[in-house]
Amino acid sequence: MTETADSRSRIERYDPTTIEPRWQDRWSSLRLYETDLHDTSRPKYYLLTMYPYPSGDLHIGHWYIKTPTDALARYRRMHGDNVFYPIGFDAFGLPAENAAIKNGGHPFTWTMANIENMRRQLRSMGATFAWESEVVTADPSYYRWNQWMFLRFLEQGLAYRAKSPVDWCPNDGTLAREQVEGTDRRCWRCGALVEKRDLDQWYLRTTAYAEELLDFSQIDWPEPVRIMQTNWIGRSEGAELDFTTAASDHHPGGDILRVFTTRPDTLFGATFMVLAPEHPLVPALAAPDRRAEVDAYIEQARRRTEIDRLSTDRDKTGVAIGADAINPVNGERIPIFIADYVLSGYGTGAIMAVPAHDERDFAFARAFGLQIRRVVATPDTTADAPMESAYVAHAEDERLVNSGPFDGMPADEGGRAIVAKLAETGAAEPKVTYRLRDWLISRQRYWGTPIPVVYCDTDGIVPVRDEDLPVRLPETVDYKGSGSNPLDHDEAFLKAACPRCGGPARRETDTMDTFIDSSWYWFRYLSPDKADGPVERTLADSWTPVDQYTGGAEHAVMHLLYSRFFTKAMRDCGLIGDDEPFRRLFNQGQILGADGERMSKSRGNVQDPDELVQRYGADTVRLFLMFMGPWDQGGPWSPTGIGGVHRFLNRVWTLSLDPHGREAGDPDAGRLPDGESAEDATKALRAAAHRTLRDVTDDYEAFHFNTMIAKLMELTNTLFRYRGTPVAGGAAWSEAIHMLLLMLAPAAPHITEELWSRRPAADGWPWTSIHAESWPAVDEAATTQSVREVPVQVNGKLRDRIEVSADADPATVEAAALASPKITALLAGRTPDRVIHAGGKLVNIVVRDA
RNA sequence: GCCGAAGUGGCGGAAUGGCAGACGCGGCGGUCUCAAACACCGCUGAGGGCAACCUCGUGUGGGUUCGAAUCCCACCUUCGGUACCA
């Protein structure tokens, strides 16, 4: 037998299927990852990953989300932090009900089976979750506190009841947006035409915090998320102005019509008024001969989605209602329209239309042949110049025109003057409005937290007493084959005694939006079993805000804004002291199916992680998911390339266990590269290891896991060049291998633990887990080099590279660059006009064209 | 529609004002082997040239700069959100 064949058979094969379960058991029996929340000797680090929804579509996407976060938890522990890394399940929601309606059974059964499967998978990943802190939101011990906090919000005036329209199917009741299909808006289940129905529903007063929610000064969040939330809240400064209705044959007039405008300076340009079709004054104002057309338009508008209504692409529609309004500033009579581009929920549900200075009003005026009157002009336009489009820009030198006594004023000043003038008679006031709406939390569904109030004939709406919480969901559910709320016909649930008078009362059957559950769950992780309140205040004070939150960008606005709102509302109820929930946020991307669509069973594009784990082991799958690309990017799933990552782990295995083996196919095996001395080689090994450590540390901190792994691969390639040479197995070699294992440990915890445990006994150390080791320190001296290469450009094009000593000053570098034969030839005797030294990294020689 | 993001070799991607294509996949060539697989070593953006080397090249069109994948303007395409999916 040859030596190479011998060396190959000398070590055992890397077999993740035996290594991984063994270490998972060992870690769990050592209770390595339970967090002592009362330990204050180390800095705390609360690491939170968005808890999963236990859908039936278990797929690789769940691993993609959790794996890097687990690596981060391990990385922080190696820095000495007391890491709290909990997990739970967002267990209420629509898919469980859909499954129950379709297949029979109870949403609880379906959900719990999915949770059990998910727990198993998350364990097989080798993730270090603090399982004893687990929270399942569908458990009465959790949702009880949703109810309790709802009652506190009610006391604080933060919860209230109001009417609002829902999409309604006659067979299936209320529908979610994605349950309404097609442009003719039909029910996804039964195909019936969807109508709007006004229901009394519960709201939380998010708008009370609009101003505070615009302040991001206490948190370090990605800019796109801050921008999206800011735009979502949509603060506008302007004024409310009172128009009045004009007398006409069918109407005495004199009603106040309040509008909101951001441009009071353009009031003289208001040539018509537009009300939302839902505006309460419309029925009274509509002229008898217009009534049929108005009613038809209202009906049509109610069937449109908001996205559709706000589309600026669509041709403007509307109807004149046959009544006029009086402009408060000049007494002018202008016609009133209804149009669906005005929404009842924003501002006052009525606008003054100024076609000359608003694009939507301009389009509407064009479509209906209405007057367009310029009231703002720049020096190069005249007051009467015809307009081809609305003028909305703001210029320094613009002045009001056609505006009576306000002519000639700068627009801003004129606007303030107009508001001040009207304010004298109470017809105007400066006003800030927000696009943000209060949070509608009522859901006409079974599988959610019951809203804890009852309706009593004598006492009206009465909150359930704290001591009667939780209001439990009934254990049996009868969907009667439809999507309508089963609680509505569950007599045992409905029947209640009024907490105030003891008389007969009917229970509220609406349940809460599941976003309530996810708006405070990280507080509950700290004391999941606490029976006398939602949050253990002392633990919350020491552990929250969360240090790092990770989750998908699809939650950039709603979940994250609701969580910020809830934190502030809980603070104002005296439950906690935080102003913000999450100090740092990272949005990872989303793994799609190979077809580029979201993974789901129904699309048949689901990649099951179990298959991959069986074939390659969890470490390979973890590493591959981190190596695929930047974590904030995501993209379509493709297993192409997973073999390369597996090969990398095999190479780490070989290097660790068999440093003296030689590469069978390498003609240079066993020889130092390029006639390097042993001393050179030692230096090169140390330089490679410590530079890698410096870069890898930066990459972990910045969540650049793909390049982190690439750098570990490079180090592995370097080490392979020295395998079998005289330096292999020496001190520098061993140091490099130790560093490689430590750097890789957070990402590939099993193989590194195994190799760590097999270090030669000569090291003389008792076994300790690699995951309890400290992160290594960079030896700066080892990373320095004596020469550096400087690229030389001529007019920005790379023409040569020169080698200079590492400490060469710019003058020396420049002289060397100009002395290079290639450069001299290119310059052909011309003198450089400029020579640019880019921070010592590069030299650019600029010569004018000959 | 509106708000946010992305677009680079055959593929995933690296480089965020300074050497385009790190690292990996795939492909090609080689070594090892009785052979295959595995493993290992090397080459691999396009075009031209015997070669040294030259030209082109980061969605499209313009601009700023000594220098642009990177910054600015306009557009195209794809993805996320759009308030009852979570």
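Scroll up to find the structure.
Predicted, not measured: the structure shown is a model, and the values here were computed from it. (Residues numbered from 1 in each chain as written. Chains lettered and ligands numbered in written order. Predicted model: local features only at pLDDT ≥ 70, side-chain atom pairs only at ≥ 80, totals over all residues. Heavy atoms only, no water.)

**A few points about the overall build of chain A**
The condition is simple: Strands here are runs of E lasting at least two residues and helices are runs of H or I lasting at least four, both read from the DSSP assignment and numbered beginning at the N terminus. A simple rule labels every residue: compare its accessible area, found with a 1.4 Å probe on the protein chains alone, to the largest value its type can have, and call it buried under 20%, exposed over 50%, or partly exposed in between. Residue contacts are defined here by distance: any two heavy atoms, one from each residue, within 4.5 Å place the two residues in contact. Surface accessibility follows the Shrake-Rupley procedure with a 1.4 Å probe radius. Residue values consider only the protein chains on display as shielding.
Helix and strand counts for chain A come out as 27 helices and 33 strands. Its C-alpha atoms give chain A principal-axis dimensions of roughly 110 × 85 × 50 Å. Burial statistics for chain A: of 850 residues in total, 53% are counted as buried. Nonlocal contacts in chain A, meaning residues at least 24 apart in sequence, comprise 73% of its contacts between residues at least 6 apart. Carbon together with sulfur atoms contributes 50% to the accessible area of chain A, which is approximately 37,900 Å² in total.

**A look at empty space enclosed by the protein**
Short version of the rule: Computed over the protein atoms alone on a 1 Å grid, cavities are sets of points where a 1.4 Å probe fits but cannot get out and pockets are open sets with protein on both sides within 12 Å along at least five of seven lines; a residue lines them when it has an atom within 4 Å of a point. Grid points are joined across faces, edges and corners, and a volume is the space filled by probe spheres set on the points. Polarity classes work like this: nonpolar for Ala, Val, Leu, Ile, Met, Phe, Trp, Tyr, Cys and Pro, charged for Asp, Glu, Lys and Arg, and polar for all others, with Gly in that last group.
Considering all chains together, one arrives at three cavities of 30 Å³ or more under this definition. Quantified by volume, the largest cavity comes out at close to 90 Å³. Surrounding the largest cavity, 17 residues form its lining, Leu94, Glu97, Ile101, Arg445 and Gly483 being those nearest its centre. Top element by residues in the lining of the largest cavity is helix α4 (residues 94-103). It accounts for four residues. Partitioned by chemical class, the residues of the lining of the largest cavity number six nonpolar, seven polar and four charged.

**Some points on the protein's contact with RNA strand B**
Put simply, the test is: If a single non-hydrogen atom of a residue is within 4 Å of a molecule or strand, that residue counts as near it. Pairs of N or O atoms are called polar contacts if they sit within 3.5 Å, as long as, within protein, a hydrogen donor faces a hydrogen acceptor (for residues adjacent in sequence, only side-chain-to-side-chain pairs).
If you check the shell around RNA strand B, you find 70 residues, and the closest are Asp90, Arg177, Glu178, Arg801 and Asn844. Of all atoms in RNA strand B that approach within 4 Å of the protein, 64% are sugar or phosphate atoms. One of the side-chain N or O atoms of Arg651 is found 2.6 Å from a phosphate oxygen in RNA strand B. Within the side chain of Arg799, a nitrogen or oxygen atom sits 3.4 Å from a phosphate oxygen of RNA strand B. Among the elements that take part in the surface near RNA strand B, helix α22 (residues 705-722) stands out by supplying seven residues, more than any other. When the residues that make up the surface near RNA strand B are grouped by side-chain class, the tally is 28 nonpolar, 21 polar and 21 charged.

**Let's talk about the packing of aromatic side chains**
Our working rule: Any two of the Phe, Tyr and Trp rings considered here, Trp counted by its six-membered ring, make a pair once their centres fall within 6.5 Å; the pair's planes then place it as stacked at under 30 degrees, edge-to-face at over 60, or tilted in between. Criterion for a charge above a ring: Arg CZ or Lys NZ at most 6 Å from the ring centre, at most 35 degrees from the ring normal.
Tallying each qualifying case throughout the model produces 45 aromatic pairs. With a centroid separation of 5.1 Å and an interplanar angle of 35°, the aromatic rings of Trp522 and Phe523 are classed as tilted. With respect to burial, Trp522 and Phe523 carry one shared label: buried. Here the aromatic cluster, defined as three or more aromatic residues joined through ring pairs, consists of Tyr51, Tyr521, Trp522, Phe523, Tyr525, Tyr549 and Phe582. Here the basic side chain of Arg74 rests over the ring of Trp27, its NZ or CZ set 4.8 Å away from the ring centre. Directly above the aromatic system of Trp148 lies the positively charged group of Arg152, at a separation of 4.6 Å from the ring centroid.

**Observations concerning the sheet that holds strand β9 (residues 195-204)**
Heads up, the rule is: By the convention used here, strands pair only if DSSP detects at least 2 bridges between them.
Within the open sheet, the four strands sit side by side as β6-β5-β9-β19. Their pairing is antiparallel. Each edge of the sheet is formed by a strand with only one pairing partner; in this case those strands are β6 (173-174) and β19 (439-440). Bridge count between β9 and β19: two bridges; the pairing is antiparallel. Bridge assignment links Leu204 to a residue of β19, and that residue is Trp439.

**Re the packing of helix α19 (residues 618-627) against helix α24 (residues 749-757)**
Selection rule: To get an axis, fit a line to the C-alpha atoms, keeping to the stretch in contact for a helix; angles then go from 0 to 180 degrees between the N-to-C directions. For classification purposes, an angle smaller than 35 degrees is called roughly parallel, one larger than 145 roughly antiparallel, one from 65 to 115 roughly perpendicular, and anything else oblique.
With their axes 7 Å apart at the nearest point, α19 and α24 run at an angle of 125° to one another. In terms of orientation, α19 and α24 fall into the oblique class. Listed contacts from α24 to Ala618, Asp619 and Arg622 of α19 are Pro749, His750 and Ile751.

**Structural notes on the pairing of strand β22 (residues 460-463)**
Bridge count for strand β21 (residues 453-456) against β22 is four bridges, and the pairing is antiparallel. Along β22, the bridge assignment pairs Tyr455 with Ile461. In textbook terms, the turn of a hairpin is the stretch between consecutive antiparallel strands, and for β21 and β22 this stretch comprises three residues.

**Comments concerning helix α5 (residues 107-124)**
Along an α-helix, a turn takes 3.6 residues, which lines up residues three or four apart on a common side. Note the cut-off: Between the first and last residue of a helix there are one fewer steps than residues, each counted as 1.5 Å, and that sum is the expected span.
Compared with an ideal rise of 1.5 Å per residue, which puts 18 residues at 26 Å, α5 spans 26 Å between its outermost C-alpha atoms and is within 8% of the ideal. Listed as buried for α5 are Pro107, Thr111, Asn114, Ile115, Met118, Arg119, Gln121, Leu122 and Ser124. Just past α5, the residue Gly126 takes up positive phi, approximately 80°.

**A closer look at the packing of helix α3 (residues 60-78) against α19**
Two measures define how a pair of helices packs: the angle their axes make with one another and the distance between the axes. Running from N to C, α3 and α19 point in directions that differ by 95°, and their axes come no closer than 9 Å. One element, α3, and the other, α19, form an angle in the roughly perpendicular class. Together, Ile60, Trp63, Tyr64, Thr67, Pro68, Asp70, Ala71 and Arg74 of α3 and Ala618, Val621, Arg622, Leu625 and Met626 of α19 make up the contact between the two elements. Within the contact of α3 with α19, the residues separate by chemical class into nine nonpolar, one polar and three charged.

**A word on the sheet that holds strand β24 (residues 504-507)**
Taken in spatial order, the four strands of this open sheet run β22-β21-β24-β23, and their pairing is antiparallel. Every interior strand has two partners, whereas the edge strands, β22 and β23 (495-497), have only one. In this sheet, adjacent strand axes meet at a mean angle of 45° when their direction is disregarded. Relative to β24, β23 runs antiparallel, the two being bridged by three bridges.

So yeah, pure geometry; function would need other evidence.
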